[in-house]
Amino acid sequence: MITGPQMRAARALLGIDQKALAELAGLSVPTIQRMEASSGTVRGVVGSLTKIVVALDLAGVELIAEGSASTAGGRGVRLKAPPPRH
């Protein structure tokens, strides 16, 4: 679903710290720290993982899964294009 390095990279792209991500996702800072410490796919409560993915998505980060279309291949994150302003 998401890896620890993806979470750290997503935060870096957004310019937020672990506390801000915890607040966005409605989780505790220790939960974020534990998830980000994972070297591979983050394991944990599905509800918590879903909250992270949704929070990052709403903040403008697109997570790229293994095998998904990407010019560089592999896993990673990229910022979405901002929505058009009206």
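Procedures and definitions
- Residues numbered from 1 in each chain as written.
- Predicted model: local features only at pLDDT ≥ 70, side-chain atom pairs only at ≥ 80, totals over all residues.
- Heavy atoms only, no water.
- UniProt positions renumbered as here; feature names shortened; annotations may be inferred.
- Helix = DSSP H or I, 4+ residues; strand = E, 2+ residues; numbered from the N terminus.
- Salt bridge = Lys/Arg side-chain N within 4 Å of Asp/Glu carboxyl O.
- Buried < 20%, exposed > 50% of the residue type's maximum accessible area, 1.4 Å probe, protein only.
- Axes fitted to C-alpha atoms, helices over the stretch in contact; angles between N-to-C directions.
- Parallel < 35°, antiparallel > 145°, perpendicular 65-115°, else oblique.
- Contact = heavy atoms within 4.5 Å.
- Nonpolar A, V, L, I, M, F, W, Y, C, P; charged D, E, K, R; others polar.
- Expected span 1.5 Å × (residues − 1).
- Arc of directions from axis to C-beta.

- The name given to the chain in an unreviewed UniProt entry is Helix-turn-helix transcriptional regulator, with the source organism recorded as Roseinatronobacter domitianus.

## A closer look at the UniProt feature "domain: HTH cro/C1-type" (unreviewed entry) in the chain
Argument step 1. According to UniProt, the "domain: HTH cro/C1-type" (unreviewed entry) feature falls on residues 7-36.
Argument step 2. Along residues 7-36, the helical share is 80% and the strand share 0%, with 6 Å between the first and last C-alpha atoms.

## Topic: the pattern of salt bridges
If charged atoms from side chains of opposite charge come close, those side chains can pair.
Argument step 1. This model, assessed by the stated rule, comprises two salt bridges.
Argument step 2. Ionic pairing is found between Glu 36 and Arg 11, a salt bridge with its closest N-O pair at 2.6 Å. Of the two residues, Glu 36 sits in helix H3 (residues 29-36) while Arg 11 sits in helix H1 (residues 4-14), which places them 25 residues apart along the sequence. Here the two residues Glu 36 and Arg 11 agree in accessibility, since each one is buried.
Argument step 3. For the salt bridge of Lys 19 with Glu 23, the shortest nitrogen-to-oxygen distance reads 3.9 Å. Remark: Glu 23 and Lys 19 occur in helix H2 (residues 18-25); sequence separation between them is four residues, near one turn of the helix.
Argument step 4. With a relative accessible area of 51%, Lys 19 lands in the exposed category.

## Observations regarding the packing of H2 against helix H4 (residues 46-59)
Argument step 1. Running from amino to carboxyl end, H2 crosses H4 at an angle of 105 degrees, the nearest separation of the two axes being 8 Å. As far as their axial angle goes, H4 and H2 are roughly perpendicular. Residues Leu 21, Leu 24 and Ala 25 of H2 lie in contact with H4, whose contacting residues are Lys 51, Ile 52, Ala 55 and Leu 56.
Argument step 2. A per-class count over the contact of H2 with H4 returns six nonpolar, no polar and one charged.

## Some details on H4
Argument step 1. Its 14 residues place the ends of H4 20 Å apart at the C-alpha level, agreeing with the 20 Å of an ideal helix rising 1.5 Å per residue.
Argument step 2. Those residues of H4 that fall on the buried side of the exposure criterion are Ser 48, Leu 49, Ile 52, Ala 55 and Leu 56. End-on view of H4: buried residues confined to an arc of 130 degrees, all on one side of the axis. Within H4, the exposed residues directed more than 90 degrees away from the buried face are Val 46 and Leu 58.
Argument step 3. In this fold, the buried residues of H4 make contact with H1, H2, H3 and strand S1 (61-64).

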